[in-house]
Structures are given as C-alpha cells and as structure tokens.
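Examination of the molecular architecture
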Amino acid sequence: MRKKIIAGNWKMNKTPSETVALLNELKPLVANDDVDVLFCVPAISLTTAMETVKGTNINIGAENMYFEESGAYTGEIAPNMLTDIGVKYVIIGHSERREYFAETDETVNKKVLKAFEHGITPIICCGETLTQREQGVTIDFIRQQIKIALLNVTAEQAKTAVIAYEPIWAIGTGKVATTEQAQEVCKAIRECVAEIYDAATADAIRIQYGGSVSAASAPELFAQPDIDGGLVGGASLKADFGKIVNYNK
C-alpha cells in the first residue's frame, strides 16, 4: 500500500522569519503519521525551515535545483548544497519553471538524474494547458513528459520518485480538475511507468494531483486508486492545509 504524500509548494512566498512563524502554526495542525508531510520552501528559507521542524513529522524540500555539481551558474543551487543541510526532496519541472524560466523536458531529465545521484527524491511535475486538454491531446502530452523525464532512470530509482500531475489550467485559478479527470490522467501516468519499466515499479511510484486542491476536494481526490496525495500551492500557506493533511480523519 502506497503511503500518501501531501506536499506544500510555497513558491515565492514567505521570508525566513515568516517561514518560522507559519511552520510553528502548522506543526500541530499537520501531525498525521499516516501520510508523509512536506513543505517545499524558497531556497533562502531552507536552513531555517529545517531547524524549525526538527523533531516533527514534517519534511522540508526545495523548489528547484540545478543539474551541475558546481561552477559559474550564478543564482543556481547545487544538489550537494541541499544534501548538506539535510534536504531530501526537490520539485523538478513545475509548469511555472517551464513557462517563466525556459525549462524543457530535457533539462528536467538532467535534474532528475542528478537528484537521484545525490539521494534526493524528485517530485517530477507534468501537466497540460487548457488548449491541449480541449484538443484531446492531454494523455499523449503527459506521456511524453514522463518518458523524457525518466530517461536513463533505473527501475529502482523510479520506484522512489514522486510524480505530480498538475493541469496548468487549474494552478492558482480556483478551477479543479474533476475527480474523474484527475484519476484518468494519474492512471495513465502509472500505465506509462509500467510500459517503461514493469508493473512492480508502476505500483510503487507515488503520483500526486495538484491544482487548486482544497480541504473540500482532498478526501474524494485522495480516495482514487491512482492518486497518492497532493502538491498544494496557495492552500499550503494557510492553517487550512491541516485539513488537507488530515483528509482521512
């Protein structure tokens, strides 16, 4: 049985001091050992966040990472910088990174390989635009993203990965894919993983849904057979996130 993983993506929000305050507020609200709880915070707050959640059930992840070990890459973060402070998760290929910072399927793959090389669990993002959904190419597009992201990734590595399906048209818009739409794509992702590797790998990998997840929508979404949790944006910056984490209570 796959353990649910519910992650907050804070994006470009909260200063280090605000991070401490919010995490302290959220700590008692997300105390649920039945799920893996994770907050991905801005790089400047990673060390502060790690210190703040010591001794709790909360994990801290990064929002991005570069695919080189070191060098003249101003503003980037190397994988060993994350592992040095104990970070074990990193979001890779979020649609905002692809749209605003020119990330491609190929750079996503490079980052995924580098994350595994350093023992960091990648949360690999995929998702279609509204136009792609309306034109009926959602599954084809998602399969392409997944196949390239997992290029040269071993089955053993893939089993530990997290894939986050986030329809771009539902991120921060208040629009949520129907439960049936979310399950359909997450099932297709699992089938794609089975094609690349085998049924055991597909059964082990955890697949999240993201895109305006709320306390109201979480129970039904997370009850689906191929949805193993959520990647939550705006709602993870509020006390309401506790209700999402405790969807099963």
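Structure: see above.
Throughout what follows, the structure given in this document is the object of discussion. (Residues numbered from 1 in each chain as written. Predicted model: local features only at pLDDT ≥ 70, side-chain atom pairs only at ≥ 80, totals over all residues. Heavy atoms only, no water.)

1. Side note on the overall build of the protein
The criterion, for reference: Think of it this way: any DSSP run of H or I at least four residues long counts as a helix, any run of E at least two long counts as a strand, and we number them from the N terminus. A radius of gyration in this sense is built from C-alpha atoms; the matching globule rule multiplies 2.2 Å by the number of residues raised to 0.38. Three labels apply to residues, based on accessible area from a 1.4 Å probe with only protein chains included: buried if under 20% of the type maximum, exposed if over 50%, partly exposed otherwise in between. Here, two residues are considered to be in contact whenever any of their heavy atoms come within 4.5 Å of each other. Reported accessibility uses the Shrake-Rupley method at a 1.4 Å probe radius. Residues are deemed covered only where the shown protein chains occlude them. Positive charges come from Lys and Arg, negative ones from Asp and Glu, while His and the chain ends are left out of the count. Charged side chains are reduced to one point each, which is NZ for Lys, CZ for Arg, CG for Asp and CD for Glu.
Counting its secondary structure elements, the protein contains 12 helices and 8 strands. Its C-alpha radius of gyration of 17 Å places the protein within 12% of the 18 Å reference for a compact globule of 249 residues. Counting only C-alpha atoms, the protein reaches 45 × 45 × 35 Å along its principal axes. A total of 249 residues make up the protein; the buried ones form 52% of that total. Restricting the contact set of the protein to residue pairs at least 6 apart, pairs at least 24 apart contribute 73%. Of the roughly 10900 Å² of accessible surface on the protein, 52% is carried by carbon and sulfur atoms. Computed over 24 positive and 32 negative side-chain charges, the separation of the two mean positions in the protein equals 3 Å.

2. Structural notes on helix α9 (residues 179-196)
Heads up, the condition is: Expected span of a helix, by definition, is 1.5 Å for each gap between consecutive residues, and there is one gap fewer than residues.
Relative to the 26 Å expected for 18 residues at 1.5 Å per residue, α9 spans 26 Å between its end C-alpha atoms, a close match to the ideal helical length. Inspection of α9 places Thr179, Ala182, Gln183, Val185, Cys186, Ala188, Ile189, Arg190, Cys192 and Val193 among the buried residues, and these make up the whole buried set.

3. Here's the deal with the pattern of salt bridges
Basically, it comes down to this: Here, a salt bridge means any Lys or Arg side-chain nitrogen found within 4 Å of an Asp or Glu carboxyl oxygen.
If you walk through the whole model with that rule in mind, you get 20 salt bridges. The partner of Glu69 in a salt bridge is Lys114, and the shortest N-O contact between them spans 2.8 Å. Within this pair, whereas Glu69 is found in the loop between β3 (58-62) and α3 (79-84), its partner Lys114 is found in helix α5 (residues 105-117), the two being separated by 45 residues in sequence. A residue is classified by how much of its surface remains accessible, and Glu69, at 31% relative accessible area, is partly exposed. Given a relative accessible area of 11%, Lys114 falls into the buried group. We note a salt bridge from Lys147 to Glu195, for which the minimum N-O separation is 4.0 Å. Here Glu195 lies in helix α9 and Lys147 lies in helix α7 (residues 138-149), a separation of 48 residues in the sequence. Taking relative accessible area as the criterion, Lys147 reaches 38% and is therefore assigned partly exposed. Overlapping salt bridges bring together Arg2, Arg190, Asp203, Asp226 and Asp228 as one network.

4. Digging into the layout of surface pockets
One simple way to see leftover space: roll a probe sized like a water molecule over the atoms. Going by this rule: Note on definitions: the grid is 1 Å and covers protein atoms alone; a cavity is a set of points where a 1.4 Å probe fits but cannot get out; a pocket is an open set with protein on both sides within 12 Å along at least five of seven lines; lining residues have an atom within 4 Å of a point. Grid points are joined across faces, edges and corners, and a volume is the space filled by probe spheres set on the points. Three residue categories are used. Nonpolar comprises Ala, Val, Leu, Ile, Met, Phe, Trp, Tyr, Cys and Pro, charged comprises Asp, Glu, Lys and Arg, and polar comprises the others, including Gly.
Computed from the structure, the largest pocket encloses a volume of approximately 540 Å³. Around the largest pocket sit 20 residues that line it, and Lys11, Met12, Glu63, Arg97 and Phe101 are the ones nearest its centre. Of all the elements, helix α4 (residues 95-100) adds the most residues to the lining of the largest pocket, at 3 residues. Residue composition of the lining of the largest pocket, by class: 11 nonpolar, 4 polar and 5 charged. Size it by volume and the second largest pocket reaches roughly 150 Å³. Along the walls of the second largest pocket sit 14 residues, with Ile171, Gly172, Ser212, Gly233 and Gly234 positioned nearest its centre.

5. Focus: the pairing of strand β7 (residues 206-210)
Side chains on a regular strand alternate between the two faces of the sheet. Our working definition: Paired strands, in this sense, are two strands between which DSSP finds at least two bridges.
Counting buried residues along β7, 5 of its 5 residues qualify, which places the element largely inside the surrounding structure. Side chains Arg206, Gln208 and Gly210 of β7 all project onto a buried face; the interleaved residues Ile207 and Tyr209 project onto the opposite face, where all are buried too. Taken together, the 4 bridges between strand β6 (residues 162-165) and β7 define a ladder with parallel strand orientation. Following the sheet pairing, Ala164 is matched in β7 by Gln208. Examined bridge by bridge, β7 and strand β8 (residues 229-232) share 2 bridges and lie parallel to one another. If you follow Gly210 over to β8, its bridge partner there is Leu231.

6. Topic: the environment of Tyr73
You can see Tyr73 is positioned in the loop between β3 and α3. With relative accessibility at 35%, the residue Tyr73 sits in the partly exposed group. With residues up to four places along the chain from it excluded, the contact list for Tyr73 reads Tyr66 and Glu68.

7. A few points about the packing of α7 against α9
Stated precisely, the cut-off is as follows: Every axis corresponds to a line fitted to the C-alpha atoms, with the helix fit spanning only the stretch in contact, and the corresponding angles, defined between N-to-C directions, vary from 0 to 180 degrees. Each angle is binned into one of four classes, with values under 35 degrees roughly parallel, values over 145 roughly antiparallel, values of 65 to 115 roughly perpendicular, and all other values oblique. In this scheme, a crossing is called left-handed if the near helix is turned counterclockwise away from the far one by less than a right angle; it is called right-handed if the turn is clockwise.
In contact at an axis separation of 10 Å, α7 and α9 are set at 45° when each is read in the N-to-C sense. If you check the angle between α7 and α9, you find them oblique. The chirality of how α7 crosses α9 is right-handed. Across the interface between the two elements, Thr138, Ile139, Ile142, Arg143, Ile146 and Lys147 from α7 touch Glu184, Val185, Ala188, Ile189, Cys192, Val193, Glu195 and Ile196 from α9. Grouping the amino acids of the contact of α7 with α9 by side-chain chemistry returns 9 nonpolar, 1 polar and 4 charged.

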